[in-house]
Amino acid sequence: MKPVRYFILIFSLFATLSFVARKNTHIGRAVNDFQLRNTNGTSTSLASYPNAKGFMIVFTCNHCPFAKLYTERFNQLNEKYSKLNVPLLAINSMDTFVYEEETFKLMCDKANSEQYLFPYLYDNMQTVGKDFHAEHTPHAFVIWKEAGKWIIRYSGAIDDNGEHPELAKPMMANAVDDLLANRLVQVPETASFGCAIFYRK
Amino acid sequence: MRHFKVTSLIFICLLLVANIHAQTYQALRIPDTLSGTTFNLVMKDTFKQILTGQQTITGGINGDFWGPTLIVNKGDLIHMNVRNKMNDTTTLHWHGMHLPAVMDGGPHQTIPPGVLWQPFWTVTNNASTLWYHPHLHEMTVEHLMKGLGGLIIVRDTDEAKLALPRTYGVDDIPVILTSRRYDANNQFVVQNVSYGDYMLTNGTPNAAVSLPKQFVRLRILNVEIERGYDLGFSDNRTFYVIGNDGGLLNAPVPVTRVKLLVGERVEILVNLSNDAIGSSFDLKAYNSNQAFGFPGGEPNTSGQFGSLLNNIDFPVLHINVAASTANPITALPSILINNTYWTAANATVTRNIAITNGQPGPASVPFNFDNVSFAINTINKTVQKDAIEKWTVTNNNVFGHTFHIHDVEFKIVARNGNASSVGAYESGWKDVMYVPRNENVSFVARFTDYADPIHPFMYHCHFSNHEDGGMMGQFVVVDTTQTGTQTVFNENDFVVYPNPASSRLFVKFNDINTRAYYIRITNILGRTLMMLPQPELSNGVDISLLPAGTYFMQLTDLKTKSTVVKKFVVE
Ligand SMILES: [Cu+2]
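Computed from a predicted structure; not experimentally measured.

**Here's the deal with the pairing of strand E14 (residues 207–212) of chain B**
All names here are of chain B.
Phase 1: The buried fraction of E14 amounts to five of the six residues, a majority that puts the element mostly inside the structure.
Phase 2: Sheet topology places strand E1 (residues 26–27) next to E14; two bridges connect them, and they run parallel. Opposite Gln26, over in E14, you have Ala207 as the bridge partner.
Phase 3: Of the pairings in the sheet, the one linking E14 to strand E22 (residues 313–322) comprises five bridges and is parallel in character. Of the residues in E22, the one forming a bridge with Pro212 is Ala322.

So, in structure tokens, the structure goes:
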């Protein structure tokens, strides 16, 4: 048993170190409202949802193979949490000048053909992505309304298994559950990974 | 009853062992092949299930980690359609190929995201195992770490005449060696990592392969960041080196160990004729107790220069012996091909390169050559076309390195000044050589064809972290016998038609001797869509993939290297 225990000790030490070493924390920072074109033909902002307690904001895109794994989960999460006044908004902040597959036209085609049941928004000036410091597709945030401001309460991965949702630990949804229950978010920050979002200078 | 219990206990134990083995080993992935004369390669960001749990973000060429093996024939004119669908600019270099510098895919031939790059050349290399990989300066570590790259097998008639194993994936096996370190989310650690902790052989962890009971050929490539491998088999059997980086040796060289540094390839024959079907053994790295300076010999198990695989012997491929195939190779050829090597006496130019800097300290400069770090606009050496040159690389520095040169295959002629110190196992054509600490190594090469005073070839350490740090230089090959009058090339010198065009766009020069050197097609926003080095224009340019709209063709002519822009419309 001894070696196993040592291993766990070493492992937890590493986990602690890597947590301490993480910088540029997003948690507790306020983000601005925005007004973005929606693939359903309208224009969407946070203020479009007067009853919202919070939002799941997921940065995603058309072409990234890893981001593509999450479409069905976005539908399910939006279905479940919209009813609890925490809707999901998907935002595409990819540079459409460089990536032809990320044009608004192709976003609309994708939202139609794959039956997106959540708003898919076009951040063509990349201002929202920059405001959130979104790094990858996908990169998930949970923001919560506190004293009239939108505060980031979760940043990172949607869950911990892209290809096998049935095996995944749903970190973003857990954060929403914590907030809905008026608890501190137990795991407020995880690493996001996927295709990198490059910002125009 | 007691006896029965013990037997069943043993049986259960055996089952458990079998089960553990079944879980431990994974079938070695054999990369798909592409053959012919036109190759479509799509570079993309993707992911792969490598560990249990979260998938790992990787880079792929037509796949998810490590690209297809390209099979090409000496003498063929081959065309590459390289499309970059990654979120990042990159390049694709044809390591070991003799081709024009503008096709080479070095740091100058950048491919922005979304762009199609179409180099082409006639294969003049001998039958050999080459490879392709990104080569963007300061990004090589990151792009190689993602798994971008692939093997190239060159075939020719001399090799085809020999009784050698050459059924790909059956008795002719690609073995691509690398390792990775993972973070808590199963992602590759890219920053400040010289060595991985866990092997990936052809992208497979804990790889195992079934090989037939006969002579089998392994084409082994080291695609590590820094680690070298001192390869041998777990039963210390003798095996036979038949090829180096640039092709077959004159005759097989029997060895029990062979060192393979980053970028090097070795082709070996292994005799499985005497192995029992169902038996198994390992190809292993015997990396413990190496002389100081061997990369991967450091004792640390973690940190930038440490690894769980450092300074130990570890398996890189588990081999299970299976039944022989229908037409097995059962004998070792006594001779292979008749190479004519350059000797030191053939060299008319001698160059010396010292490995400098790299020592830790407050004013530390990363490793470089002759105290000069790579600068993209500096040509470090000028070589006369057809010259035979002897280059000596001297490493009186703190650690071992490799030296790789583009454009040519060379012959190592001396280690520390002694021809006799060059190993028989490295006696063939090479394009990467190990330069251990406290050693100088000399090679001789002939720089034929493809003179181009503007576009350089690279020479560099193939440890990609050293290369990214500036341990790289550039040379041009010039032809001083060619003199031309410099007339300015202008927009009246050619027409582009039809306009509007739909599937093909043709270029007609007023002077039939004019040749296009480079064509870049951009859209109205200035976004580059196609890059065509030295395009062959008799059949026009295929523009069928361009949506209707207005475009610009930037055409650079071969003679004056001046660029003219013309507008055209696609309907
Ligand atoms: Cu080096």
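**Focus on the interface of chain B and chain A**
Phase 1: The partner chain A presents 23 residues to the 18 residues of chain B that form the contact.
Phase 2: Both faces considered, chain B and chain A share a buried interface measuring about 1,800 Å² in area, 56% of it formed by carbon and sulfur atoms.
Phase 3: Considering only the side of chain B, the residues that lose the most area to chain A are Phe47, Gln54 and Asn87 of chain B, jointly responsible for 35% of the buried surface there.
Phase 4: The interface formed by chain B and chain A contains one salt bridge.
Phase 5: Linking chain B to chain A there are 10 residue pairs in polar contact (both at pLDDT 80 or more).
Phase 6: No other element matches strand E3 (residues 38–48) of chain B, which puts three residues into the side of chain B that touches chain A.
Phase 7: Partitioned by chemical class, the residues of the side of chain B that touches chain A number six nonpolar, eight polar and four charged.

**Some details on the environment of Ser288 of chain B**
Residue and element names in this part refer to chain B.
Phase 1: Mapped onto the secondary structure, Ser288 falls in the loop between strand E21 (280–286) and E22.
Phase 2: Taking the C-alpha atoms as reference points, Ser288 and Phe314, 26 residues apart in sequence, are found 9.1 Å from one another.
Phase 3: Not counting chain neighbours up to four residues away, the residues in contact with Ser288 comprise Asn311, Ile312 and Asp313.
Phase 4: Separated by 2.8 Å, the side chains of Ser288 and Asp313 make a polar contact.

**A few points about the coordination of the copper ion**
Phase 1: Note on the copper ion: its protein donors are His401 of chain B (ND1), Cys461 of chain B (SG) and His466 of chain B (ND1). The metal-donor distances range over 2.1 Å.
Phase 2: Relative accessible area serves as the criterion here: at 9%, His466 of chain B is assigned to the buried category.

**Here we look at the domain arrangement of chain B**
Phase 1: You can read the domains of chain B as domain 1 (31–156), domain 2 (162–337), domain 3 (344–478) and domain 4 (491–570).
Phase 2: The straight-line distance from the C-alpha centre of domain 2 of chain B to that of domain 4 of chain B is 47 Å.

**Regarding the packing of aromatic side chains**
Each aromatic ring pair is characterised by the separation of its centres together with the angle its planes make.
Phase 1: Scanning the model with the defined rule gives 41 aromatic pairs over all chains in all.
Phase 2: Taken together, the aromatic side chains of Phe369, Trp391, Phe403, Phe410, Phe443, Phe447, Phe457, Tyr459 and Phe475 of chain B make up a single cluster linked through ring pairs.
Phase 3: Sitting over the face of the ring of Tyr70 of chain A, Arg73 of chain A holds its NZ or CZ atom 4.1 Å from the ring centroid.
Phase 4: One cation-aromatic arrangement involves Lys561 of chain B over Tyr517 of chain B; the distance from NZ or CZ to the ring centre is 4.5 Å.

**Quick word on unusual backbone geometry**
Phase 1: Looking along the chain, the bond that leaves Thr137 of chain A and enters Pro138 of chain A is cis, with omega of 0 degrees.
Phase 2: Position of Pro138 of chain A among the secondary structure elements: in the loop between strand E7 (136–137) and strand E8 (139–146).
Phase 3: A cis amide bond, omega 10 degrees, links Asn499 of chain B with the succeeding residue Pro500 of chain B.
Phase 4: At Trp66 of chain B, a residue that is not glycine, the phi angle is positive and equals roughly 70 degrees.
Phase 5: Summarising the element assignment, Trp66 of chain B is placed in the loop between strand E4 (56–61) and strand E5 (69–73).
Phase 6: A relative accessible area of 5% means that Trp66 of chain B is categorised as buried.
Phase 7: One non-glycine residue, Asn357 of chain B, lies in the positive phi region at around 60 degrees.
Phase 8: Structurally, the position occupied by Asn357 of chain B is in the loop between strand E23 (349–356) and strand E24 (368–369).
Phase 9: Among the residues examined, Asn357 of chain B registers a relative accessible area of 23% and is labelled partly exposed.

**Details of the confidence of the model for chain A**
Phase 1: Across chain A, the average pLDDT comes to 88, with 88% of residues at or above 70.
Phase 2: Below pLDDT 50 for its whole length, residues 1–23 of chain A participates in two contacts with residues either more than four positions away or in separate chains.

**Concerning the environment of Arg504 of chain B**
All names here are of chain B.
Phase 1: Inspection of the secondary structure puts Arg504 in strand E35 (residues 504–509).
Phase 2: Take Arg504: its relative accessible area is 35%, and that puts it in the partly exposed class.
Phase 3: Sequence separation of Arg504 and Gly149 is 355 residues, and the distance between their C-alpha atoms is 31 Å.
Phase 4: Residues within four places of Arg504 in sequence aside, it is in contact with Pro498, Asn539, Gly540, Val541, Asp542 and Ile543.
Phase 5: Polar contacts involving the side chain of Arg504 include one to the main-chain carbonyl oxygen of Asn539, which spans 3.0 Å.

**Some details on the pattern of salt bridges**
Residues and elements named next belong to chain B.
Phase 1: One pass over the full model with this rule turns up 29 salt bridges over all chains.
Phase 2: When the shortest N-O distance is used, the salt bridge between Arg265 and Asp245 registers 3.8 Å. Within this pair, whereas Arg265 is found in strand E20 (residues 265–271), its partner Asp245 is found in the loop between strand E17 (239–244) and strand E18 (247–255), the two being separated by 20 residues in sequence.
Phase 3: Assessed through its relative accessible area of 0%, Asp245 is described here as buried.
Phase 4: Note that Asp245 and Lys430 form a salt bridge whose closest N and O atoms lie 3.2 Å from each other. Of this pair, Asp245 sits in the loop between E17 and E18 while Lys430 sits in strand E29 (residues 429–430), and the two are 185 residues apart along the sequence.
Phase 5: Taken together, the shared-partner salt bridges connect Glu159, Arg166, Asp172, Arg217, Arg219 and Glu267 into one network.

Basis of the calculations
Residues numbered from 1 in each chain as written. Chains lettered and ligands numbered in written order. Predicted model: local features only at pLDDT ≥ 70, side-chain atom pairs only at ≥ 80, totals over all residues. Heavy atoms only, no water. Buried < 20%, exposed > 50% of the residue type's maximum accessible area, 1.4 Å probe, protein only. Helix = DSSP H or I, 4+ residues; strand = E, 2+ residues; numbered from the N terminus. Pairing = 2+ DSSP bridges. Contact = heavy atoms within 4.5 Å. Buried area = accessible area lost by both parts, 1.4 Å probe. Salt bridge = Lys/Arg side-chain N within 4 Å of Asp/Glu carboxyl O. Polar contact = N/O pair within 3.5 Å; in protein donor to acceptor, adjacent residues only side chain to side chain. Nonpolar A, V, L, I, M, F, W, Y, C, P; charged D, E, K, R; others polar. Donors = N, O, S within 2.8 Å, 3.2 Å for Na, K, Ca; no water. Domains from an automatic or database assignment. Phe/Tyr/Trp six-rings, centres within 6.5 Å; stacked < 30°, edge-to-face > 60°. Lys NZ or Arg CZ within 6 Å of the ring centre and 35° of its normal. pLDDT = per-residue confidence, 0-100.

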